[in-house]
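Chain by chain, the residues:
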Amino acid sequence: MDERVEYEPVSVKEVLGEMKDTAELLIDLAYSSVLFESRDLAEVVLELESETDVLQLQAQMSLVMAGRNPSEAEQLAPIFGIVGAAEKISDAAGDVAKVVLDEVGLPDALRASLPDAVETLARMTVADDSDYAGRTLGGIHLETETGVRVLAVRRDDAWDLDPGQETELRSGDVLVCRGPEEGVADVHRALTGAAIERPAPASSPVADLDRAVETIVLMKNMSELAVDLAYGSVLFDDPDLAREVSELEVEVDALKSRFEAWALRAATAVDDPVAIRGLLHIAASTEVISDAALEISEGVLRGLGSHPVVQAAVEESDEVLVSEAVTAGCDLDGVSIADAAIRTNTGMLVIAVRREAGETPSGTDWILTPPPETTLRAGDTLIAKGTRAGAERLADLTGTDDG
């Protein structure tokens, strides 16, 4: 039986921030559990989904207690929408993970068809005799030495979704890590004392499976981008960003329709059509996530503005979103994202670039998920996500740091 949740005074700002961080991690974990055929990752998704359920109830109770008159009701209404949307994202991620756990039906060769650029995710438990036990992430130099980043750490029943250099690893800690496959394998061996177990790559009778896997990766990336931009629209009270979320939602709907058509055609070419039923579940869940992202930005789209509590929650969450203008003569002016090595030098991921209307490849104000060869220039505005320390380093590069 699920634990009873009773009202207790909580900070809505903190709960919203935690729901945001959890929802974003859930998307990554859920799709990775499918692509890497990992029951371990799928189980982490269900654990975090359960935590989100509790956070949602706590937030709703506090919001009900806060509303006392029509004016406050109008201000609080968008917050209810954001809380509900984060819960929908969590539920959709859980549905994706259940495709793996409940063996709904997936082709056996998904992992063999993964694009080389996709990084590996894995769940690991620190062994008693691990050389890493009792040491901090900074002391191990894990990311610089192996390319592997620790996304989350669970100790007892509590999750740390923002482990930093000072985080000390202890025996029994459960880590979720991401990085190149070889690096993840080395870290798994050092942490657990055992080799990582992966299903052997299999051949598949499904035609164009490579294209299907690429589509799943694209759906994952688009849904993550939609959620990031939605929270960005709230943080910066930016209707233009909110409209980009709306456009992405339309693109995801179209992608889902094409993917479903492919799955139905593929079903006619295999002995057991049920083997690809899980792909249809994934497509449906992706649409739910993009719809939820649109709900997050709904208040901004409808001119209700962004409540200061929500802005503060997004700003103070573990993974921050920042808007930085490229100034003339700064380190990024006239330099491509790849040559500037922004991700390597700052740890920040540039998710969008805004420049003068009509001067982008699409003819809009935004370059979404800009490719590495994108050359930045004075007047561009970067939307990026990462750590607070990374945000400070990015401000140095753009020339906007006051010092």
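Residues numbered from 1 in each chain as written. Predicted model: local features only at pLDDT ≥ 70, side-chain atom pairs only at ≥ 80, totals over all residues. Heavy atoms only, no water.

**Side note on the overall build of the protein chain**
Line of reasoning, step 1. Regarding its fold elements, the protein chain presents 14 helices and eight strands.
Line of reasoning, step 2. Relative to its 403 residues, the protein chain shows a buried fraction of 51%.
Line of reasoning, step 3. Intrachain contacts of the protein chain at a sequence separation of at least 6 include 79% that bridge at least 24 residues.
Line of reasoning, step 4. When the accessible surface of the protein chain is totalled, it reaches about 18,500 Å², and 47% of it is carbon and sulfur. (Helix = DSSP H or I, 4+ residues; strand = E, 2+ residues; numbered from the N terminus. Buried < 20%, exposed > 50% of the residue type's maximum accessible area, 1.4 Å probe, protein only. Contact = heavy atoms within 4.5 Å. Areas by Shrake-Rupley, 256 points an atom, 1.4 Å probe, with all protein chains shown as cover.)

**Comments concerning the environment of S171**
Line of reasoning, step 1. By the secondary structure assignment, S171 is in the loop between β3 (158-160) and β4 (174-179).
Line of reasoning, step 2. Judged by relative accessible area, which is 37%, S171 ranks as partly exposed.
Line of reasoning, step 3. For the pair S171 and V126, spaced 45 residues apart in sequence, the C-alpha separation works out to 5.0 Å.
Line of reasoning, step 4. Each residue touching S171, except ones within four places of it in the same chain, is listed here: V126, A127, D128 and A133.

**Observations concerning the packing of aromatic side chains**
Line of reasoning, step 1. Following the criterion strictly, the structure yields one aromatic pair and no others.
Line of reasoning, step 2. Of note, K20 hangs over the ring of Y231, and the distance from its end group to the ring centre comes to 5.8 Å. (Phe/Tyr/Trp six-rings, centres within 6.5 Å; stacked < 30°, edge-to-face > 60°. Lys NZ or Arg CZ within 6 Å of the ring centre and 35° of its normal.)

**With respect to the sheet that holds strand β6 (residues 349-354)**
Line of reasoning, step 1. Strand order in the open sheet made by the four strands is β5-β8-β6-β7, with antiparallel pairing throughout. Among the strands making up the open sheet, the edge pair consists of β5 (320-325) and β7 (366-368). Strand-to-strand twist across the sheet, computed as the mean angle between neighbouring axes with direction ignored, equals 25 degrees. (Pairing = 2+ DSSP bridges. Axes fitted to C-alpha atoms, helices over the stretch in contact; angles between N-to-C directions.)

**With respect to the packing of helix α1 (residues 12-35) against helix α11 (residues 308-315)**
Line of reasoning, step 1. Across the interface, α1 lies against α11 with an axial gap of 8 Å and an inter-helix angle of 50 degrees. Classified by the angle between their axes, α1 and α11 sit oblique to one another. In this structure, α1 crosses over α11, and the sense of that crossing is right-handed. Where α1 approaches α11, its residues V12, K13, L16, G17 and K20 are matched on the opposing element by V309, V310, A312, A313 and V314.
Line of reasoning, step 2. In terms of residue class, the contact of α1 with α11 is made up of seven nonpolar, one polar and two charged. (Parallel < 35°, antiparallel > 145°, perpendicular 65-115°, else oblique. Left-handed = near helix turned anticlockwise from the far one by under 90°. Nonpolar A, V, L, I, M, F, W, Y, C, P; charged D, E, K, R; others polar.)

**Topic: the packing of α1 against helix α7 (residues 209-235)**
Line of reasoning, step 1. Where α1 contacts α7, the two axes come as close as 11 Å, and the packing angle between them is 180 degrees. With respect to α7, the axis of α1 lies roughly antiparallel. Listed contacts from α7 to K20, E24, I27, D28, Y31, S32 and L35 of α1 are V213, I216, V217, K220, S223, E224, V227, D228 and Y231.
Line of reasoning, step 2. Looking at the contact of α1 with α7 residue by residue, the class counts come to eight nonpolar, two polar and six charged.

**Looking at the nonpolar core**
Line of reasoning, step 1. Counting 89 residues, the largest nonpolar core has L29 and I282 as the members making the most contacts within it.
Line of reasoning, step 2. Dropping the residues within four chain positions of it, L29 is found in contact with L41, V44, V45, L48, L121 and V176.
Line of reasoning, step 3. Core analysis: the second largest hydrophobic core is formed by 18 residues, V320, L376, A384 and L397 among them. (Core = buried A, V, L, I, M, F, W, Y, C linked by side-chain atoms within 4.5 Å.)

**Brief notes about helix α6 (residues 181-192)**
Residues spaced three or four apart along an α-helix face the same direction, because each turn holds 3.6 residues.
Line of reasoning, step 1. If you check α6, its first and last C-alpha atoms are 16 Å apart, about what twelve residues at 1.5 Å a residue would give, namely 16 Å.
Line of reasoning, step 2. Taken as a whole, α6 has its buried residues at G183, V184, A185, V187, H188 and L191.
Line of reasoning, step 3. Residues of α6 that are buried in the fold lie against β1 (120-125), α5 (142-146) and β4.
Line of reasoning, step 4. Looking one or two residues past α6, G193 carries a phi angle of roughly 85 degrees, positive in sign. (Expected span 1.5 Å × (residues − 1).)

**Regarding the sheet that holds strand β2 (residues 149-155)**
Line of reasoning, step 1. Overall, antiparallel pairing links the four strands, which are arranged β1-β4-β2-β3 in an open sheet. Single-partner strands in this sheet number two, and they are β1 and β3. Averaged over all pairs of adjacent strands, the angle between strand axes in this sheet comes to 15 degrees, irrespective of strand direction.
Line of reasoning, step 2. Relative to β3, β2 runs antiparallel, the two being bridged by three bridges. Looking at the pairing, R154 lines up with W159 of β3.
Line of reasoning, step 3. Along the sheet, α6 contacts β1 and β4; its crossing angle with β1, the most-contacted strand, is approximately 0 degrees.

**A word on the pairing of β2**
Line of reasoning, step 1. With respect to burial, β2 is a largely interior element, five of its seven residues being buried.
Line of reasoning, step 2. Two elements, β2 and β4, share five bridges in a ladder whose sense is antiparallel. What sits directly across from V153, in β4, is L175.

**Things to note about the side chain of D228**
Line of reasoning, step 1. Assignment of secondary structure puts D228 in helix α7.
Line of reasoning, step 2. On the basis of relative accessible area, D228 is assigned to the buried category, the value being 3%.
Line of reasoning, step 3. With sequence-adjacent residues up to four places away left out, D228 is seen in contact with E24, L321, I351 and K385.

**Focus: the pattern of salt bridges**
Line of reasoning, step 1. This model, assessed by the stated rule, comprises 17 salt bridges.
Line of reasoning, step 2. In this structure, the salt-bridge partner of E24 is K20, at a minimum N-O distance of 3.3 Å. Of the two residues, E24 and K20 are both situated in helix α1; the distance of four residues between them amounts to about one turn of the helix. We note that E24, like K20, is buried. (Salt bridge = Lys/Arg side-chain N within 4 Å of Asp/Glu carboxyl O.)

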